[in-house]
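Now for the letters of each chain:
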There are 2 protein chains.
Amino acid sequence: MFCEVFYHRLYSNSRIFVSRKNIKWLSNFSLFDKILVMEKTMLLRKNPLFSNLNDDDMISLQEICRDRDVPKGELLFSEGDLAEGFFIVASGRVKVYKLSPEGKERILHIVHPGGAFAEAAIFGDGLYPAYAEPIAASRLLFFPKKTFLDLLHTRSQMAINMIGGLSRFLRQFASQIEELTFKDVPARLAGYLLELAGDDDTVELPVSKSQLASNLGTVSETLSRTLRKLSEENCIEVSGKTIRILDPDLLADLAESYKE
Amino acid sequence: MFCEVFYHRLYSNSRIFVSRKNIKWLSNFSLFDKILVMEKTMLLRKNPLFSNLNDDDMISLQEICRDRDVPKGELLFSEGDLAEGFFIVASGRVKVYKLSPEGKERILHIVHPGGAFAEAAIFGDGLYPAYAEPIAASRLLFFPKKTFLDLLHTRSQMAINMIGGLSRFLRQFASQIEELTFKDVPARLAGYLLELAGDDDTVELPVSKSQLASNLGTVSETLSRTLRKLSEENCIEVSGKTIRILDPDLLADLAESYKE
DNA sequence: CAACGGCTTTGAGCCAAATCAAGAAACGGG
DNA sequence: CCCGTTTCTTGATTTGGCTCAAAGCCGTTG
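Residues numbered from 1 in each chain as written. Chains lettered and ligands numbered in written order. Predicted model: local features only at pLDDT ≥ 70, side-chain atom pairs only at ≥ 80, totals over all residues. Heavy atoms only, no water.

(A) Highlighting the sheet that holds strand E10 (residues 242-245) of chain B. Residues and elements named next belong to chain B. Pairing within the open sheet is antiparallel, and its three strands lie in the order E8-E10-E9. Each edge of the open sheet carries a strand with a single partner, namely strand E8 (202-204) and strand E9 (236-239). With strand direction ignored, the average angle separating the axes of adjacent strands in the sheet is 20°. Pairing of E8 with E10, which is carried by three bridges, proceeds in the antiparallel orientation. What sits directly across from glutamate 204, in E10, is threonine 242. (Pairing = 2+ DSSP bridges. Helix = DSSP H or I, 4+ residues; strand = E, 2+ residues; numbered from the N terminus. Axes fitted to C-alpha atoms, helices over the stretch in contact; angles between N-to-C directions.)

(B) Representation of the nonpolar core. If you look at the biggest cluster of nonpolar residues, it comprises 98 residues, and the most contacted ones within it are Phe50(A), Phe117(A), Phe148(A), Phe50(B), Phe117(B) and Phe148(B). Not counting the four nearest positions on each side in its chain, Phe50(A) is found in contact with Leu44(A), Arg45(A), Met58(A), Leu61(A), Phe86(A), Ile88(A), Phe148(A) and Met162(A). Counting residues in each nonpolar core, the second largest holds 21 residues, with Leu205(B), Leu216(B), Leu227(B) and Ile245(B) among its members. (Core = buried A, V, L, I, M, F, W, Y, C linked by side-chain atoms within 4.5 Å. Buried < 20%, exposed > 50% of the residue type's maximum accessible area, 1.4 Å probe, protein only. Contact = heavy atoms within 4.5 Å.)

(C) Molecular detail of the protein's contact with DNA strand D. Taken together, 18 residues lie near DNA strand D, and Lys209(A), Ser210(A), Arg225(A), Arg228(A) and Thr218(B) sit nearest. Counting only the atoms of DNA strand D within 4 Å of the protein, the fraction contributed by sugar and phosphate is 59%. Interatomic distance of 3.0 Å between a backbone N/O atom of Val185(B) and a phosphate oxygen of DNA strand D. A distance of 3.2 Å is found between a base oxygen of DNA strand D and a side-chain nitrogen or oxygen belonging to Arg225(B). Elements represented by at least two residues in the surface near DNA strand D include exactly helix H9 (209-215) and helix H10 (220-232) of chain A together with helix H8 (185-197) and helix H10 (220-232) of chain B. If you tally residues by element for the surface near DNA strand D, the top one is H10(A), at five residues. Residues that form the surface near DNA strand D fall into these classes: three nonpolar, seven polar and eight charged. (Near = heavy atom within 4 Å. Polar contact = N/O pair within 3.5 Å; in protein donor to acceptor, adjacent residues only side chain to side chain. Nonpolar A, V, L, I, M, F, W, Y, C, P; charged D, E, K, R; others polar.)

(D) Fine view of the relation of the copies chain A and chain B. Of the two same-sequence chains, chain A is brought onto chain B (RMSD 0.2 Å, axial shift 0.0 Å) by a rotation of 179°. Taken together, the rotation and translation relating the two chain copies correspond to the operation of a two-fold axis. Interface residue correspondence from chain A to chain B reaches 98%, placing this contact among same-surface, isologous pairings. (Least-squares fit on C-alpha atoms with pLDDT ≥ 70 in both.)

(E) Representation of the packing of helix H8 (residues 185-197) of chain A against H10(A) within the structure. All names here are of chain A. Running from amino to carboxyl end, H8 crosses H10 at an angle of 75°, the nearest separation of the two axes being 10 Å. By the angle class used here, H8 and H10 are roughly perpendicular. Contact residues: H8 offers Val185, Pro186 and Leu189, while H10 offers Thr222, Leu223, Thr226, Leu227, Lys229 and Leu230. The residue makeup of the contact of H8 with H10, split by class, is six nonpolar, two polar and one charged. (Parallel < 35°, antiparallel > 145°, perpendicular 65-115°, else oblique.)

(F) Region of interest: the pairing of strand E3 (residues 94-99) of chain B. Residues and elements named next belong to chain B. In the sheet, E3 pairs with strand E4 (residues 105-111) via six bridges, with the strands oriented antiparallel. Each bridged residue has a counterpart across the sheet, and for tyrosine 97 the counterpart in E4 is isoleucine 107. Where E3 folds back on E4, the antiparallel hairpin that results is connected by five residues, among which glycine 103 adopts a positive phi of roughly 90°. Inspection of the sheet shows E3 paired to strand E6 (residues 131-134) by four bridges, in the antiparallel sense. Counterpart to valine 94 in the pairing with E6 is proline 134.

(G) Quick look at the interface of chain A and chain B. Contact residues are listed per partner, giving 46 residues for chain A and 45 residues for chain B. Summing both sides of the interface, chain A and chain B together bury roughly 4200 Å²; the carbon and sulfur share of this comes to 67%. Connecting chain A to chain B are two salt bridges. Linking chain A to chain B there are eight residue pairs in polar contact (both at pLDDT 80 or more). Ranked by the residues each element gives to the side of chain A that touches chain B, the list is headed by helix H7 (residues 156-182) of chain A, at 17 residues. Residue composition of the side of chain A that touches chain B, grouped by class: 28 nonpolar, eight polar and ten charged. (Buried area = accessible area lost by both parts, 1.4 Å probe. Salt bridge = Lys/Arg side-chain N within 4 Å of Asp/Glu carboxyl O.)

(H) How the structure looks around a negative patch on the surface. A surface patch of negative charge is lined by Glu102(A), Asp199(B), Asp200(B), Asp201(B) and Asp249(B). For Asp199(B), the position within the fold is in the loop between H8 and E8. A residue is classified by how much of its surface remains accessible, and Asp199(B), at 64% relative accessible area, is exposed. (Patch = residues over 30% accessible without salt bridge, like charges linked within 9 Å, V, L, I, M, F, W, Y side chains within 5 Å. Areas by Shrake-Rupley, 256 points an atom, 1.4 Å probe, with all protein chains shown as cover. Lys, Arg positive; Asp, Glu negative; His and termini not counted. Charge placed at Lys NZ, Arg CZ, Asp CG, Glu CD.)

(I) Representation of the packing of aromatic side chains. A complete count under the given rule lists 25 aromatic pairs over all chains for this structure. Measuring from centroid to centroid gives 5.6 Å for Phe169(A) and Phe173(A), while their planes differ by 15°, and the two rings are stacked. Linking Phe169(A) with Phe173(A), this pair stays in helix H7, spanning four residues, or about one helical turn. On the numbers, 3.7 Å between centres and 10° between planes, the contact of Phe77(B) with Tyr128(B) is stacked. Separated by 51 residues along the polypeptide, Phe77(B) in the loop between strand E1 (66-70) and strand E2 (85-91) and Tyr128(B) in the loop between helix H5 (119-123) and E6 bring together distant segments of the chain. You can call Phe77(B) buried: its relative accessible area is 5%. Joined through ring pairs, the aromatic side chains of Phe77(A), Phe87(A), Phe117(A), Tyr128(A) and Phe142(A) make up one cluster. Lying over the aromatic face of Tyr258(A), Lys183(A) brings its terminal NZ or CZ to 5.2 Å of the ring centre. Above the plane of the ring of Tyr97(B) lies Lys95(B), whose end atom (NZ or CZ) is 5.2 Å from the centre. (Phe/Tyr/Trp six-rings, centres within 6.5 Å; stacked < 30°, edge-to-face > 60°. Lys NZ or Arg CZ within 6 Å of the ring centre and 35° of its normal.)

Now the structure itself:
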């Protein structure tokens with residue numbers, strides 16, 4: 001549920017990129033299969049683990065993963081089980097939870113499509129740290145531990161790409177959070193406008209205002225008020241989706257101001 | 001600035017772990033140098049990139065890094081420069097910033113001891129994406145790009161350990177944020193108490209209440225009020241640092257409730 | 001034991017922003 | 001061009017939690 005907010009902004013500008021080599025490989029498949037492979041690639045790229053992988057990596061990855069359709073309510077693994085691999089959710093929802101001594105369940109998180117779970121168990125002690133169970137009929141990609149680790153050992157560049165993807169994501173994520181936690185709505189809006197404007201002095205909003213509001217972590221009413229306030233201060237000029245920046249310096253000051 | 005809040009909780013239980021092998025290696029050094037190596041290990045473990053590395057990895061890592069003492073204000077690199085390596089801050093503070101077309105600087109973030117910067121440039125296109133400049137006399141560890149990548153290629157297990165550390169950190173970080181963003185103080189407090197209690201029904205707070213307040217992302221006044229409110233609901237019983245849990249079910253409900 | 005300083009608790013007030021409710025504008029299809 | 005629907009704006013109200021200020025509660029130390 002919370003992923004939506006942040007992940008949306010982080011991933012909204014991800015591109016589909018298919019190299020010649022990939023196309024050649026794809027030609028071994030029927031059209032239908034090709035579409036499946038591309039779909040899977042797009043899905044995998046949604047995850048920070050794989051966001052930075054090139055086409056070759058993607059192909060190797062898809063060669064080792066197994067599809068699993070699971071019905072709602074089927075226990076995937078239990079806490080303490082030996083971890084045989086990890087999962088990516090392709091569709092549906094999976095809940096990951098622990099059980100209290102009295103048998104009450106405590107949900108750790110709900111995994112949405114594109115999300116991974118049990119991936120830490122692969123790198124750690126090798127035991128699943130919780131229970132997992134789909135809360136809707138779901139399609140999962142399963143990556144067997146040994147095969148996956150062998151692949152990483154064989155193709156060290158792929159591991160390096162994964163490190164790169166993770167650390168870049170971490171950086172973006174952290175700054176996203178910092179904005180949300182330490183800056184008020186005007187500051188966030190100002191930052192957004194400046195970034196979007198670049199060197200220009202007019203911006204065209206690429207999304208609806210209510211969508212923008214949600215991207216900025218607020219609601220449409222508040223966004224509307226904030227836009228009006230900035231207009232009244234002769235800082236910007238709003239007409240529909242077109243915004244003209246009248247006072248970039250003031251805007252920049254605003255964008256850097258922390259609430260305290 | 002914001003790191004303090006989250007990082008504190010994430011790292012507060014990191015341990016120092018020295019294997020026999022490490023000690024043997026260490027015996028090649030004078031006592032003074034040994035202390036330096038251990039200090040550096042502790043520093044590096046603070047960073048998610050290296051948090052999961054074993055002693056061997058740490059040794060290799062420290063063999064390839066160079067110490068650099070830099071005075072306040074010295075430009076470390078500029079946007080667009082070819083990235084020759086990345087940095088870890090050992091002491092001091094470094095600001096990373098961009099320049100707007102009009103020459104106004106826009107600070108992206110301030111890096112504190114334990115933090116890395118320019119690490120993404122190593123894995124990406126190879127150009128520094130911003131400017132970096134110490135805002136206080138600082139000690140930095142510099143990891144040359146080529147040497148570092150070669151090391152990762154040679155020792156694929158080390159790369160895998162890094163992936164593990166990063167993804168574990170990401171997981172913790174995300175759930176931390178989720179708590180902070182989507183749960184109110186009572187829910188966060190309830191979650192904290194339950195986790196601390198385990199199977200027991202009394203908890204002994206390991207830190208002062210004001211410290212706890214800051215760990216939960218609030219202030220002592222609010223924590224105090226929240227504790228009283230929960231007491232009045234006969235959910236817990238507070239006396240000094242000892243808290244007895246009267247109604248674990250209610251507490252669990254509270255901990256899982258999202259604000260909406 | 002009295003004075004001091006560090007925590008903790010209480011109360012009062014304030015503020016940003018969410019929510020609720022209701023118009024106004026824009027849009028799109030027939 | 002009109003009418004229904006969505007999107008946007010505006011106002012009123014509510015709220016969680018922070019700040020400020022003052023007082024209570026210790027343990028310490030001279």
